[in-house]
Amino acid sequence: MTTSTAPATRTRPRRRVNWAAVAFMTPWAIGFTVFFVYPLLANVYLSFTRYDLISSARFVGLDNWLFLFRDDALLTGLRNSAWMLLIGVPVKLLLAFGIAMLVSRVRRGAGIVRTVFYLPHLMPLVAAALAFVVLLNPASGPVNTLLDMIGLDGPLWFNDPDWAKPSLLMLDSWMVGNLMVIFLAAVLDVPQQLYEAAELDGAGRLGKLWHVTLPSIRPVLAFAAVTAAIDALQYFTQAYVVATSLSGGATTGAESLGSPNDSTLFFPVLLYKQGFRYFNMGYASALALLLFAVSFVVAFVILRRANRWSSDLSGVS
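Quick notes on the rules
- Residues numbered from 1 in each chain as written.
- Predicted model: local features only at pLDDT ≥ 70, side-chain atom pairs only at ≥ 80, totals over all residues.
- Heavy atoms only, no water.
- Core = buried A, V, L, I, M, F, W, Y, C linked by side-chain atoms within 4.5 Å.
- Buried < 20%, exposed > 50% of the residue type's maximum accessible area, 1.4 Å probe, protein only.
- Helix = DSSP H or I, 4+ residues; strand = E, 2+ residues; numbered from the N terminus.
- Axes fitted to C-alpha atoms, helices over the stretch in contact; angles between N-to-C directions.
- Parallel < 35°, antiparallel > 145°, perpendicular 65-115°, else oblique.
- Contact = heavy atoms within 4.5 Å.
- Nonpolar A, V, L, I, M, F, W, Y, C, P; charged D, E, K, R; others polar.
- Patch = residues over 30% accessible without salt bridge, like charges linked within 9 Å, V, L, I, M, F, W, Y side chains within 5 Å.
- Areas by Shrake-Rupley, 256 points an atom, 1.4 Å probe, with all protein chains shown as cover.
- Salt bridge = Lys/Arg side-chain N within 4 Å of Asp/Glu carboxyl O.
- Polar contact = N/O pair within 3.5 Å; in protein donor to acceptor, adjacent residues only side chain to side chain.
- Phe/Tyr/Trp six-rings, centres within 6.5 Å; stacked < 30°, edge-to-face > 60°.
- Arc of directions from axis to C-beta.
- Lys, Arg positive; Asp, Glu negative; His and termini not counted.
- Charge placed at Lys NZ, Arg CZ, Asp CG, Glu CD.
- Expected span 1.5 Å × (residues − 1).

Can you help me understand the nonpolar core in this one?
Across soluble globular proteins, you tend to see nonpolar side chains buried next to one another. Counting 59 residues, the largest nonpolar core has Leu 93, Leu 168, Phe 183 and Leu 287 as its most contacted members. No other element matches helix 3 (residues 72–104), which puts 11 residues into this core.

Quick question: what am I supposed to make of the packing of helix 8 (residues 177–188) against helix 11 (residues 218–233) here?
In helix packing, the relevant descriptors are the interaxial angle and the interaxial distance, both defined with respect to the helix axes. Two elements in contact, helix 8 and helix 11, have axes separated by 10 Å at closest approach and are oriented at 170 degrees. With respect to each other, helix 8 and helix 11 are oriented roughly antiparallel. Where helix 8 approaches helix 11, its residues Leu 179, Ile 182, Phe 183 and Ala 186 are matched on the opposing element by Val 220, Leu 221, Phe 223, Ala 224 and Thr 227. Counted by class, the contact of helix 8 with helix 11 contains 8 nonpolar, 1 polar and no charged residues.

It is not clear to me how the environment of Thr 237 should be interpreted in this structure. Could you clarify?
One can find Thr 237 in helix 12 (residues 237–246). In this structure Thr 237 comes out as partly exposed when scored by relative accessible area, which is 27%.

Please clarify how a nonpolar patch on the surface should be interpreted in this entry.
Nonpolar side chains collect at one region of the surface, where Trp 28, Phe 32, Phe 36 and Phe 292 lie side by side and expose about 430 Å² of accessible area between them. When residues of the nonpolar patch are assigned to their parent elements, the largest contribution, 3 residues, is made by helix 1 (residues 19–46). Secondary-structure assignment places Phe 36 in helix 1.

Is there a simple way to explain the side chain of Ser 259 in this structure?
Positionally, Ser 259 belongs in the loop between helix 12 and helix 13 (267–277). Of the polar contacts made by the side chain of Ser 259, one reaches the backbone oxygen of Ser 256; its length is 2.6 Å. In contact with Ser 259, not counting residues within four places along its chain, are Ala 243, Leu 246 and Thr 264.

Quick question: what am I supposed to make of the packing of aromatic side chains here?
Aromatic ring pairs: the centre-centre distance and the angle between the two ring planes describe each pair. Inspection of the entire model under this criterion finds 13 aromatic pairs. Each ring, one from Phe 97 and one from Phe 183, has its centre 5.7 Å from the other, and the planes form 90 degrees; the classification is edge-to-face. Here Phe 97 is found in helix 3, whereas its partner Phe 183 is found in helix 8, with 86 residues between them in sequence. Each member of the pair, Phe 97 as well as Phe 183, carries the same accessibility label: buried. Residues Trp 157 and Trp 163 carry aromatic rings whose centres are separated by 5.3 Å and whose planes lie at 75 degrees to one another, so their mutual orientation is edge-to-face.

Any chance you could explain the pattern of salt bridges here in plain terms?
Should their charged atoms come close, side chains of opposite charge can pair. Here the structure, examined in full by the defined rule, presents 1 salt bridge. A salt bridge links Glu 199 to Lys 208, with the shortest nitrogen-to-oxygen separation between them at 3.0 Å. Relative accessible area serves as the criterion here: at 48%, Glu 199 is assigned to the partly exposed category.

Before we go on, may I ask you to explain helix 5 (residues 125–135) in this structure?
Turn by turn, an α-helix covers 3.6 residues, leaving residues three or four places apart pointing in a common direction. Buried within helix 5 we find Ala 128, Ala 129, Phe 132 and Val 133. Projected onto a plane normal to the axis of helix 5, the buried residues spread over an arc of 140 degrees and lie on a single side. Looking at the buried positions of helix 5, the neighbouring elements they touch are helix 7 (161–174) and helix 12.

Just to check I follow, could you spell out a positive patch on the surface for this structure?
Together, Arg 105, Arg 107, Arg 114 and Arg 205 make up a region of like positive charge exposed at the surface. One can find Arg 205 in helix 10 (residues 205–216). In this structure Arg 205 comes out as exposed when scored by relative accessible area, which is 67%.

Honestly, unusual backbone geometry in this entry has me stumped. Any pointers?
In terms of backbone geometry, most residues other than glycine have negative phi values and most peptide bonds are trans. In this chain, Ser 259 is followed by Pro 260 through a cis amide linkage whose omega measures 0 degrees. In this fold, Pro 260 is placed in the loop between helix 12 and helix 13. Not every positive phi belongs to a glycine, and Trp 157 is a case in point at roughly 55 degrees. You can see Trp 157 is positioned in the loop between helix 6 (142–149) and helix 7. By relative accessible area, which is 6% here, Trp 157 ends up buried. For Asp 262, which is not glycine, the phi torsion reads 60 degrees and is therefore positive. Positionally, Asp 262 belongs in the loop between helix 12 and helix 13.

How should helix 8 be read in this particular structure?
With 12 residues, helix 8 extends 16 Å between its outermost C-alpha atoms, agreeing within 8% with the 16 Å of an ideal straight helix rising 1.5 Å per residue. Inspection of helix 8 places Gly 177, Leu 179, Met 180, Phe 183, Leu 184, Ala 186 and Val 187 among the buried residues, and these make up the whole buried set. The inward-facing, buried residues of helix 8 contact helix 3, helix 4 (110–118), helix 10 and helix 11.

Sorry if this is basic, but what is going on with the side chain of Ser 263 here?
Residue position: Ser 263 is located in the loop between helix 12 and helix 13. Sequence-distant contacts of Ser 263, defined by excluding residues within four places in its chain, comprise Asn 80, Pro 161, Ala 164, Lys 165 and Gly 258.

Printed below as a string of structure tokens:
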């Protein structure tokens with residue numbers, strides 16, 4: 001005689017909610033929603049409207065987005081921002097990395113040397129831009145005065161469309177202290193055993209730099225490149241101060257922005273010009289979303305290239 005037993009019923013474990021973790025994450029979630037999600041969604045809505053900050057927003061469909069393809073000023077802003085991205089970012093990264101490598105070799109007075117290179121970064125952007133406007137004044141600035149003393153004709157700097165962006169790059173290169181500190185911390189953190197092993201293999205200074213230093217600080221290089229690229233795409237304050245200074249002050253009309261001859265009309269300057277000088281907030285919202293998308297793509301490409309570059313270095317070494 002056989003006896004049958006009823007199959008055991010499985011009880012699902014009850015999930016316990018960690019209310020302490022929820023409580024700690026709530027302020028972040030509220031801030032993320034209020035200061036990022038809501039503005040982003042509002043920006044998407046406004047990009048399909050005609051809004052001037054006074055009257056109510058009126059839905060116009062794709063008019064703002066279609067106007068992007070007909071706006072000649074947009075191409076100018078993209079070209080200027082691309083110049084700052086493709087030329088300005090590599091120059092600043094190489095300069096900051098070179099200074100970091102030099103400072104890392106200083107033994108006596110290292111703190112003073114690091115402070116000297118970092119101090120310019122602490123200067124407010126408006127004050128720094130005004131200082132360079134005075135220094136690079138083609139008529140009475142000390143830079144052209146010194147060049148004239150040694151028999152060289154100084155350029156017009158900010159007053160010349162061909163020299164305006166290089167002059168802004170000089171200003172930014174003077175303020176690379178933040179990148180220098182990031183690179184310095186990464187370089188000093190590379191294990192000395194790796195350098196000793198490279199020396200045993202016969203590697204010189206360039207070999208140790210290429211096969212030890214750069215692969216070891218790859219995450220820091222990627223972080224610095226992404227932040228510098230985003231800063232370049234959001235380049236506004238210095239260009240705004242220089243343009244308004246050249247045209248007689250910040251109270252001048254919208255046409256002063258981008259002076260001289262739209263050579264400093266970067267994408268964020270165009271966005272500000274459309275939104276707060278022409279009060280085309282709908283079109284400015286479309287420009288803001290385009291800037292957000294471009295920044296995301298550029299950051300993604302840099303990170304992908306950084307991973308591939310790391311793999312190439314590992315294969316070579």
